[in-house]
Amino acid sequence: MLYAIVGEDAPNSLDQRLAARPAHLARLLELDAAGRMVLGGPFPAIDSPDPGPAGFSGSLIVAEFDSLAAAQTWADADPYVAAGVYARVTVRPFRQVFPKA
């Protein structure tokens, strides 16, 4: 089943985000290589594809996991969590309607 993982950035966490980004992306690449990633990316803090020093307000990942517990465990182990980038992470079941899977 698909799960939406929404991480909400802590205030002033851009430096931590940039430092942890390579490890964070490596985990996403593993999901993608396994054919489990639907989409993922950050939420710019301002209305711009490159927010510069304004940074990001969080991230969204939609991926396939065996269960909600498995998705939560995966999300809890994200390098952004360990680095203090995410102040909160929410994991919810997700049903894709568009585009048709």
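Computed from a predicted structure; not experimentally measured.

Criteria and cut-off values
Residues numbered from 1 in each chain as written. Predicted model: local features only at pLDDT ≥ 70, side-chain atom pairs only at ≥ 80, totals over all residues. Heavy atoms only, no water. 1 Å grid on protein atoms, 1.4 Å probe; cavity = no way out; pocket = protein on both sides within 12 Å on 5 of 7 lines; lining within 4 Å. Points joined across faces, edges and corners; volume = space filled by probe spheres on them. Helix = DSSP H or I, 4+ residues; strand = E, 2+ residues; numbered from the N terminus. Nonpolar A, V, L, I, M, F, W, Y, C, P; charged D, E, K, R; others polar. Expected span 1.5 Å × (residues − 1). Buried < 20%, exposed > 50% of the residue type's maximum accessible area, 1.4 Å probe, protein only. Contact = heavy atoms within 4.5 Å. Arc of directions from axis to C-beta. Phe/Tyr/Trp six-rings, centres within 6.5 Å; stacked < 30°, edge-to-face > 60°. Core = buried A, V, L, I, M, F, W, Y, C linked by side-chain atoms within 4.5 Å.

Trainee: Help me understand the layout of surface pockets, please; the structure alone is not making it clear to me.
Mentor: Taking a probe equal in size to a water molecule and rolling it over the atoms shows the remaining empty space. Space inside the largest pocket adds up to approximately 240 Å³. Lining the largest pocket we find 14 residues, and of these Arg21, His24, Leu25, Gly41 and Pro42 sit closest to its centre. Among the elements that make up the lining of the largest pocket, the one with the highest residue count is helix α1 (residues 14-33) (6 residues). Residues of the lining of the largest pocket, tallied by class, amount to 8 nonpolar, 4 polar and 2 charged.

Trainee: Explain α1 to me, please; I cannot follow it from the model alone.
Mentor: Owing to its 3.6 residues per turn, the α-helix aligns residues three or four sequence positions apart on the same side. Taking 1.5 Å as the rise per residue, α1 with 20 residues should run 28 Å; its terminal C-alpha atoms sit 27 Å apart, in good agreement. When α1 is considered as a whole, its buried residues turn out to be Arg17, Ala20, His24, Arg27, Leu28 and Leu31. Looking at the buried residues of α1, the elements they touch are β1 (2-9), β2 (37-44), β3 (56-64), α2 (68-76), α3 (79-82) and β4 (86-94). A positive phi of about 75° marks Gly35, the residue just after α1.

Trainee: Would you explain the environment of Phe94 in this entry?
Mentor: Tracing the chain through its elements places Phe94 in strand β4. For the pair Phe94 and Leu39, spaced 55 residues apart in sequence, the C-alpha separation works out to 12 Å. Here Phe94 is in contact with Met1, Leu2, Tyr3, Ala4 and Val62, once residues within four sequence places are set aside.

Trainee: Mind showing me how you'd approach α2 here?
Mentor: By the burial criterion, the buried members of α2 are Ala71, Trp74 and Ala75. Mapping the buried residues of α2 onto a view down its axis gives an arc of 100°, with all of them on the same face. The outward face of α2, more than 90 degrees from its buried face, is lined by the exposed residues Ala69 and Thr73.

Trainee: I'm lost on the packing of aromatic side chains in this one. Help?
Mentor: Two measures describe an aromatic ring pair: the distance that separates the ring centres and the angle between the ring planes. Per the stated rule, a full pass over the model turns up 3 aromatic pairs. Where Phe65 meets Trp74, the ring centres are 5.6 Å apart and the plane angle is 50°; that geometry is what we call tilted. Note on accessibility: Phe65 and Trp74 belong to one class, buried. Geometrically, the ring pair formed by Tyr80 and Tyr86 is edge-to-face, given 5.4 Å between the ring centres and 85° between the ring planes. Neither residue differs from the other here; Tyr80 and Tyr86 are each classed as buried. Connected via pairs of aromatic rings, a cluster forms that spans Tyr3, Phe65 and Trp74.

Trainee: Looking at this structure, I do not really get the nonpolar core. What am I missing?
Mentor: Grouped burial of nonpolar side chains is what soluble globular proteins tend to show. In terms of nonpolar packing, the biggest core is built from 12 residues, these being Tyr3, Ile5, Leu28, Leu31, Met37, Ile61, Ala63, Phe65, Ala71, Trp74, Ala75 and Val91. Looking at this core, the elements with two or more residues in it are β1, α1, β3 and α2. Top contributing element to this core by residue count: α2, with 3 residues. The contacts of Tyr3, once residues within four sequence positions are left out, are Ile61, Val62, Ala63, Phe65, Ser67, Leu68, Ala71, Val91, Arg92, Pro93 and Phe94.

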